[in-house]
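Spelled out from the first residue to the last, the chains are:
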Amino acid sequence: MKRKQSPFRMLALLVLATHALYAQQQPVIPQNREKAAIKVSAKKFHVYLLAGQSNMAGRGIPEPQDTIGNPRILALNRDGEWEIAKDPVHFDKTAAGVGPGLSFAREMIKYDPDIVIGLIPCAAGGSGMEYWLHDKFWEQTRSFPWNNAILRARLAMKDGVLKGILWHQGEADTAPDKAAAYSGNLAQLVNKFRQAFRIPDLPFVAGELADFHKGAATLNPTIHDAAKSLQFFAVVRANGFAALPDGIHINAASQREFGRRYAVAMRSLVKR
């Protein structure tokens, strides 16, 4: 004869089962962060600044493949220390997930077996162009996006060579007045970065807004317009990408493809 389960025991089992189901639905976030020592010369340690807003930081849901580290791909963490890069690389918001940075680095190391890539995550979700052109405090991330990027990049440059900047931003600037000024503002920002680092030919790759975004048709032509007045500058197409349910952010699979496209563009600009 079976013993009856007590109400307390049945409730406990239900809670455990619900917890297990919920856990299976959560994104796979690496629980262990591995600090890393740089084992190549500064010349062989190529660092790249990741700047912009949330689609550069990444909001794609991480999967196991996004949490597999490679000792040749490092990221500068929140504390200014190098660690093995795993998604989420960024930490601007708790929603940080898969962005283009990691797949970009995975593609770049294929071309040179002797280099190590260092990613400098500095994107700030929701930040408009004005927070990059000027040293303004951005409430959503409790940070100064421009100043933070410069300080973190200079810290990284103590260990390696700044090889380029990856930029994705614009969702916050699709209003008619802001979009009209975007091309000139972007060109100004590129030159401002180059002056800050004293690298006049620093490669800069800007990504389009994904074509599913309602503001893409307005803003993307202005990004291409900026290319007309800039050297060592490339634009990456963002066509054919899939959105997360919010209709704003690019999903993980498309972000991996975006990173590969960034790598192709950067390869065309970076000096060997």
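From a predicted model like this one, the values you see are computed outputs, not experimental measurements. (Residues numbered from 1 in each chain as written. Predicted model: local features only at pLDDT ≥ 70, side-chain atom pairs only at ≥ 80, totals over all residues. Heavy atoms only, no water.)

*Asks:* In this structure, what is going on with the side chain of Asp87? I would like to understand it.
*Replies:* Topologically, Asp87 is positioned in the loop between strand S3 (82-84) and helix H3 (101-108). With no salt bridge to any partner, buried Asp87 finds its closest opposite charge in Arg106, at an N-O distance of 6.2 Å. In terms of polar contacts, Asp87 uses its side chain to reach the backbone amide nitrogen of Val89, at 3.4 Å. (Helix = DSSP H or I, 4+ residues; strand = E, 2+ residues; numbered from the N terminus. Buried < 20%, exposed > 50% of the residue type's maximum accessible area, 1.4 Å probe, protein only. Lys, Arg positive; Asp, Glu negative; His and termini not counted. Salt bridge = Lys/Arg side-chain N within 4 Å of Asp/Glu carboxyl O. Polar contact = N/O pair within 3.5 Å; in protein donor to acceptor, adjacent residues only side chain to side chain.)

*Asks:* Please clarify how the packing of aromatic side chains should be interpreted in this entry.
*Replies:* The geometry of an aromatic ring pair comes down to the distance between the two centres and the angle between the two planes. Taken as a whole, this structure holds 12 aromatic pairs when the rule is applied. When the ring of Phe193 is compared with that of Phe204, the centres are 6.3 Å apart and the planes differ by 45°; the resulting orientation is tilted. Taken together, the residues span a long stretch of sequence, with Phe193 in helix H6 (residues 176-197) and Phe204 in strand S6 (residues 204-207) at a distance of 11 residues. Note on accessibility: Phe193 and Phe204 belong to one class, buried. A connected cluster of aromatic rings, assembled from ring pairs, spans Trp132, Trp146, Trp167, Phe193, Phe197, Phe204 and Phe233. Taking NZ or CZ as reference, Lys136 lies 5.0 Å from the ring centre of Tyr131, over its face. Its end group placed over the ring of Tyr111, Arg267 keeps NZ or CZ at 3.9 Å from the ring centre. (Phe/Tyr/Trp six-rings, centres within 6.5 Å; stacked < 30°, edge-to-face > 60°. Lys NZ or Arg CZ within 6 Å of the ring centre and 35° of its normal.)

*Asks:* In this structure, what is going on with the environment of Gln188? I would like to understand it.
*Replies:* Here Gln188 shows up in helix H6. Spatially, the C-alpha atoms of Gln188 and Ala226 are 9.3 Å apart, while their sequence positions differ by 38 residues.

*Asks:* How should the side chain of Asn220 be read in this particular structure?
*Replies:* Looking at the secondary structure, you find Asn220 in helix H7 (residues 216-227). Engagement of the side chain of Asn220 in a polar contact is seen with the backbone nitrogen of Leu209, the distance being 2.8 Å. With residues up to four places along the chain from it excluded, the contact list for Asn220 reads Glu208 and Leu209. (Contact = heavy atoms within 4.5 Å.)

*Asks:* Can you help me understand unusual backbone geometry in this one?
*Replies:* Apart from glycine, the bulk of residues carry a negative phi angle, and the bulk of peptide bonds sit in the trans form. The omega torsion across Asp87 and Pro88 is 0°, close enough to zero to call that bond cis. Here Pro88 shows up in the loop between S3 and H3. With a phi angle near 55°, Arg142 is a residue other than glycine that sits in the positive phi range. Assignment of secondary structure puts Arg142 in the loop between helix H4 (130-133) and helix H5 (145-156).

*Asks:* So what exactly am I meant to see when it comes to the environment of Pro64 here?
*Replies:* Structurally, the position occupied by Pro64 is in the loop between helix H2 (54-57) and strand S2 (73-76). Its relative accessible area of 52% is what places Pro64 among the exposed residues.

*Asks:* I'm lost on the sheet that holds S6 in this one. Help?
*Replies:* The strand order across the open sheet formed by 7 strands is S3-S2-S4-S1-S5-S6-S7, and the pairing between neighbours is mixed. Two strands close off the open sheet at either side, each with one partner strand: S3 and strand S7 (233-236). Neighbour-to-neighbour, the strand axes of the sheet open up by a mean angle of 25°, direction not taken into account. Sheet analysis places strand S1 (residues 45-52) next to strand S4 (residues 116-121), joined by 6 bridges and oriented parallel. (Pairing = 2+ DSSP bridges. Axes fitted to C-alpha atoms, helices over the stretch in contact; angles between N-to-C directions.)

Nothing here speaks to function; it is all geometry.
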